[in-house]
2 protein chains.
Amino acid sequence: MAVGRVLKRILLGQQMRSDKLHETLLPKRIALPIFASDALSSVAYAPDEIFLTLGLAGGTFALTHSWQIALGVIFVMAVVVASYRQNVHAYPSGGGDYEVATVNIGPKAGLTVASALLVDYVLTVAVSISSGIQNAATALTFVRGHEATWAVILVVLLTAMNLRGVRESGNAFAIPTYAFMVGVIGMGLYGGYRHFTGSLPLAASAQYDLVPEPGYEALGSLAMAFLLLRAFSSGCAALTGVEAISNGVPAFQKPKSRNAATTLLLMGCIAIGMLFSMISLARLTGIKYAEDPAEQLLKDGVPVGASYVQDTIMGQVANAVFDHFHLGVVYISVVTGIILILAANTAFNGFPVLGSILARDGYLPRQLHARGDRLAFSNGIIILAGVAAVLILIFDADVTKLIQLYIVGVFVSFTTSQIGMIRHWNRHLRLASDPRQRAHMQRSRVINFVGAVMSGTVLLVVLATKFIHGAGYAIAAMAVLFLMMMAIRRHYDAVSKELDIVSQSDQMLPSRVHALVLVSRLHRPTLRAVAYARASRPHTLEAITVNVDPAETRALQEEWEARGIPVPLKALDSPYREIVNPIVDYVKGIRRESPREIVVVYIPEYVVGHWYEQILHNQSALRLRARLHFTPGVLVASVPWQLRSSEGQEARMEADVSSAPGSVRMGQ
Amino acid sequence: MAVGRVLKRILLGQQMRSDKLHETLLPKRIALPIFASDALSSVAYAPDEIFLTLGLAGGTFALTHSWQIALGVIFVMAVVVASYRQNVHAYPSGGGDYEVATVNIGPKAGLTVASALLVDYVLTVAVSISSGIQNAATALTFVRGHEATWAVILVVLLTAMNLRGVRESGNAFAIPTYAFMVGVIGMGLYGGYRHFTGSLPLAASAQYDLVPEPGYEALGSLAMAFLLLRAFSSGCAALTGVEAISNGVPAFQKPKSRNAATTLLLMGCIAIGMLFSMISLARLTGIKYAEDPAEQLLKDGVPVGASYVQDTIMGQVANAVFDHFHLGVVYISVVTGIILILAANTAFNGFPVLGSILARDGYLPRQLHARGDRLAFSNGIIILAGVAAVLILIFDADVTKLIQLYIVGVFVSFTTSQIGMIRHWNRHLRLASDPRQRAHMQRSRVINFVGAVMSGTVLLVVLATKFIHGAGYAIAAMAVLFLMMMAIRRHYDAVSKELDIVSQSDQMLPSRVHALVLVSRLHRPTLRAVAYARASRPHTLEAITVNVDPAETRALQEEWEARGIPVPLKALDSPYREIVNPIVDYVKGIRRESPREIVVVYIPEYVVGHWYEQILHNQSALRLRARLHFTPGVLVASVPWQLRSSEGQEARMEADVSSAPGSVRMGQ
């Protein structure tokens, strides 16, 4: 079966109740903040990474060269946005890069993209939250020195929120994103106005001298080029999240692809505008930003020392532009913190969507496919958050260190996807004959080709400049995920092959049914089990009990007779006072004697309302069932008895699909 | 039903395969080391606690008063041993103090004893392991400063060993205990010989001056008496574990009671001998032992400071007695370490025995009663070890601090048990007429009376002197356990009442059986489920599948028809692509329409060999069963399909009763 066809069927074949269709699909004004928060929020840390990397060379190197880097990043961003507009039109199903790679290159390419995206989801959480905490520290000084702890607390809160279920749509998610855009663009405009009127002050850090890090004092031209490339690849962190819209086309109102493409373009323009503003203002206010400020920043020739607190570039710019308007600084700090948290939240919503697709293709546990299943996704979300928290702790919530791991995954998926798109157009061009259509396709192919070359180049630059700084770990994690998902798929394939119908012998009816009712005491659940067993009219019906205590067994037998229960009660001996083995042995004995007979074991089970009651009941039944399952020809029938405490507890187990993470993105 | 009669029936009513009887019962020479390691090992820390507490007053107070304390402790020990010899004869069933208290005073007294014993098991592990590490540090210097870490590692190892199952009997357990007895008694004799020949050197710490702790400089006679009482109650730590034999009478060879009583007497004599030797040698070698050696020990008027390492009294005595024979020091250190680990191990073996009895009486989860059930005990053992490890970490493996919590539980159970014994004799004396028998009973009653007064007094002393030092925590823990066990019992009673047969309506047969076979794909497990369902001849039989993906459902329906399966296949719609809700709704619909019909849902289940395969299979089946159980009149029948990976895995689930913790003590 062609994977592409299956995929399309899956991804397009979503049934929705038509009366709910209108309210769940997203207009562009809501889709933009939901899908763009990840991409836009990176303006909060990408400029910092550019300045900090260039700052390794000391002096005014960062101020003089940052515009080159900025132009490079902006150019790549433009190319990537243009490329993804092609994806959105060609693959509107929401399968995103995974689908493009799988259909056009092959399953392994798709799985490579999926591994990269899974790693990225974890890093999106770790980087965004760490950056959010770093930004918050500008205003909330008590956070300082405890960044990792606060970051982990935030991750836990976000996890709890998503486990409970929070719909992404609505004002709660849209307003902060718009507030952030207004803030950053407003700051850019006001800063520009002050610059041209000559009233823009220098930043506080402009007064310091920036000395090179040891080893970077006198760079040759090759080393300098390498440093520029490293800064460029750090700056490319601004591109993370650009692909989000291509995974969410089904969530848009019609015409879906066009609306998605428009939103993508809008997002690209805003992101470029914000990045340009930030880099410009940072240069105009003369910010000195260092990886190791205590040693690298000098005041009157003396290092500022460990007591110096280096605010983020966003914070320093805000402090300069709004030097007479403190509320502006606070506003920027608050909206930046919030958008970074929203960016982290996108990972919690993107993961279930990808997980569902991967599960459908047999690469993840199958229950992740059924979207209504909250429990399975809860486990996924907990793993996602857990790994992110561990990363935060290992890297001490240091954005600069975490970002080294981040960018490689994004560009693996960009590059694979764009190569896939080229092959997509090649294939379609072989079939298309209409010249206008062909011209359109050829134009798209050129765009995707440029995209592939561009993102491939960036990927090589990232690998070359960052491998030893952390990108290697990300590659290793991707490899582990890749192998794990391959192993799962192989397991499912092997099981599927094992279960294929080879003969009609499986349809053969067993000749007789031998039913056993398990009795521990004579109470209502036991009577119910006996009645149900009798109702199913087996050929043989016995009640059995395990003789752990002879006196009790005797009492049970007497009561059984006294009540005139029309089923014989047999007591199994248990020399070592245990329950499971004697029953299993007895059942196996029946099977041995008449192999064409099936044995149905009726076990009364208590249905309880709370987990702690579960500890007090059914434990022997559970273990017995697990053991009996190993013997072919044995059925275990649970006869539930609903204890009073179970009343009203079923509702807690029902899945509320509408507020499950990721439901908005899938257009549910 | 009289609790006593039930208890006796339970505890005596053990069936054993007669061919195994001989090899499992213990001769006295094996029983002594198994049951005595806890009691004997306390000589490794009890003298330290006496010296250290007396040392608070500074000077030679410890040297001059320790003999009074030692005599007091030895006297109490003799009384307690004599008392328990009565218990062993009167209650040979292995129910121990819990049984004596329950039968003679009442269930709440029994539960009080049980709570105290449970707390003690935890503390036996924490104290013995901590003391073992402290002793080991004398020889293994790398342990120093990391005592808590090493102690936790030892607890983990011991737990792993017990989870795998290690029989307590045999040489591996007997030899170290005898080696310890030989070592300590040998050291006592050789030390005594050297003393009388005038060649016994002073201990290294004899050279220091011991200054009082702040607040203890000039004690009034009342304060001094209080300090003596505190030292006495610390010294009573030597009595922990004396009761062990009374819980293990069934494990002895016949005549059980007489052999147990003889072993108890033997143990008492050895314990008294060892304690006497240790205290004497500590005094003769002039050991200075302080709670805070860095400040309290002076050399030439200057505190020795934090770098001073204070060896245990066992270590200091060994260094003095064997000053020209270093191998002797190493021998003492090694056997002391090993016996303390064995002492900790007794808790792992004592807990399952008590847990089984408490579970039988409904105070702990019922599955703890069936002794063959390793899994349930595993959970108990993990909890026991976990709490002990937490205590070790909280108290930093400090024996002095842990011991404050330890003694109160022991004496709660001693006192309650001895009061119970007095009432036992009172009751029997009312019935007995034979004068010789009466005389014997009266003598026993006097012994138990002295025992009750003695242990009650010690309990009051312990409470008065140690409550604020930690005994309060132990009392609080006992109260929590008491309330928890009461709550469990109340829950079982309530459920039992709810399930009592009130009418014959439960025996009423359902009129019809409506069977459903769940189908996800058409493979061998599905065919088997259909065949089994057909074999049970229900009145109505349908196959149902959930329509998550219309195309797949159509393909399934076509294959179903093509194969000519003689059961109609119905597809349930699932607007939100989930599996559980549509099925539950359908089943509820059937029940609503015909309430006298029962619904049997056949679910094919994969039987896998490894836990990680379980993650990949059956998850929807599991959740479906949990949901369906809430609807009365619905049976869930699992139709297992044994995957190839499950072959040979059943053996791993079988319980090996003979090596389960506690089996030796129960005479199994």
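The shown structure was predicted, so the numbers you read here are calculated from the model rather than taken from an experiment. (Residues numbered from 1 in each chain as written. Chains lettered and ligands numbered in written order. Predicted model: local features only at pLDDT ≥ 70, side-chain atom pairs only at ≥ 80, totals over all residues.)

**Quick look at the overall build of chain A**
Defined as follows: Helix and strand assignments come from DSSP, with helices taken as H or I runs of at least 4 residues and strands as E runs of at least 2, each series counted from the N terminus. Exposed residues have 12 or fewer other C-beta atoms within 10 Å of their own C-beta, buried residues have 20 or more, and residues in between are partly exposed; the C-beta atoms are placed from the backbone. Once C-beta atoms have been placed from the backbone, residue pairs whose C-beta atoms lie within 7 Å are recorded as contacts.
In terms of helices and strands, chain A carries 24 helices and eight strands. If one aligns the C-alpha atoms of chain A with their principal axes, the spans along those axes are about 105 × 65 × 50 Å. The proportion of buried residues among the 668 residues of chain A is 54%. Long-range pairs, those at least 24 residues apart, make up 83% of the contacts in chain A with a sequence separation of at least 6.

**Section: the domain arrangement of chain A**
The line we're drawing: Domain extents, as shown, originate in an automatic or database domain assignment.
Segmentation of chain A into domains returns domain 1 (3-409 + 447-455) and domain 2 (512-653). For domain 1 of chain A versus domain 2 of chain A, the distance between C-alpha centres works out to 58 Å.

**Some points on the sheet that holds strand S2 (residues 297-299) of chain B**
Residues and elements named next belong to chain B. We apply this condition: Following DSSP output, two strands are said to pair if at least two bridges run between them.
With antiparallel pairing, three strands are arranged side by side in an open sheet as S1-S2-S3. Whereas interior strands pair on both sides, the edge strands pair on one side only; in this sheet they are strand S1 (209-210) and strand S3 (302-303). In terms of strand pairing, S2 meets S3 through two bridges, oriented antiparallel. Following the sheet pairing, Leu 298 is matched in S3 by Pro 303.

**Notes on the sheet that holds strand S4 (residues 512-518) of chain B**
The test is simple: Axis definition: a line fitted to C-alpha atoms, limited for helices to the stretch in contact. Angles are taken between N-to-C directions and run from 0 to 180 degrees.
The 10 strands are arranged S6(A)-S5(A)-S4(A)-S7(A)-S8(A)-S8(B)-S7(B)-S4(B)-S5(B)-S6(B) in an open sheet whose pairing can be described as mixed. Both outer strands of the open sheet, strand S6 (569-573) of chain A together with strand S6 (569-573) of chain B, are each paired with one neighbouring strand and no more. Ignoring which end each strand starts from, the neighbouring axes of this sheet average 30° apart. The pairing of S4 of chain B with strand S5 (residues 540-547) of chain B spans five bridges and is classified as parallel. Within S5 of chain B, the residue paired with Leu 516 of chain B across the bridge is Glu 542 of chain B.

**Focus on the packing of helix H21 (residues 580-593) of chain A against helix H23 (residues 619-628) of chain A**
Residue and element names in this part refer to chain A. As a reminder, the rule being used: Note: crossing handedness is left-handed where the near helix turns anticlockwise from the far helix by less than a right angle, and right-handed where it turns clockwise.
Put simply, H21 and H23 touch, their axes get as near as 10 Å, and they point 35° apart. Remark: the crossing between H21 and H23 carries right-handed chirality. Two secondary-structure elements touch here, H21 through Val 580, Ile 583, Val 584 and Val 587 and H23 through Ser 620, Arg 623, Leu 624, Arg 627 and Leu 628.

**Focus on the pairing of strand S5 (residues 540-547) of chain A**
Residues and elements named next belong to chain A. Applied cut-off: The path from the first strand over the helix to the second decides the hand: if it runs clockwise while the strands point away from the viewer, the crossover is right-handed.
For the handedness criterion, the β-α-β arrangement of strand S4 (residues 512-518), helix H19 (residues 524-535) and S5 is classed as right-handed. Where S5 lies against S6, five bridges are found, and the strand directions are parallel. Counted as the bridge partner of Ala 543 is Leu 569 from S6. Crossover handedness for the path S5 to helix H20 (residues 550-562) to S6: right-handed.

**As for unusual backbone geometry**
With an omega dihedral of -5°, the bond running from Lys 254 of chain A to Pro 255 of chain A counts as a cis peptide bond. Structurally, Pro 255 of chain A can be placed in the loop between helix H10 (221-235) and helix H11 (256-284). Phi angles above zero are rare outside glycine, and Asp 396 of chain B is one such case at about 55°. Mapped onto the elements of the fold, Asp 396 of chain B is located in the loop between helix H15 (374-394) and helix H16 (399-431). The exposure class of Asp 396 of chain B is exposed, given the 12 C-beta atoms found within 10 Å. In this model, Arg 537 of chain B sits at a positive phi of 45°, which is unusual for a non-glycine residue. In this structure, Arg 537 of chain B sits in the loop between helix H19 (524-535) and S5. Take Arg 537 of chain B: there are 15 C-beta atoms within 10 Å of it, and that puts it in the partly exposed class.

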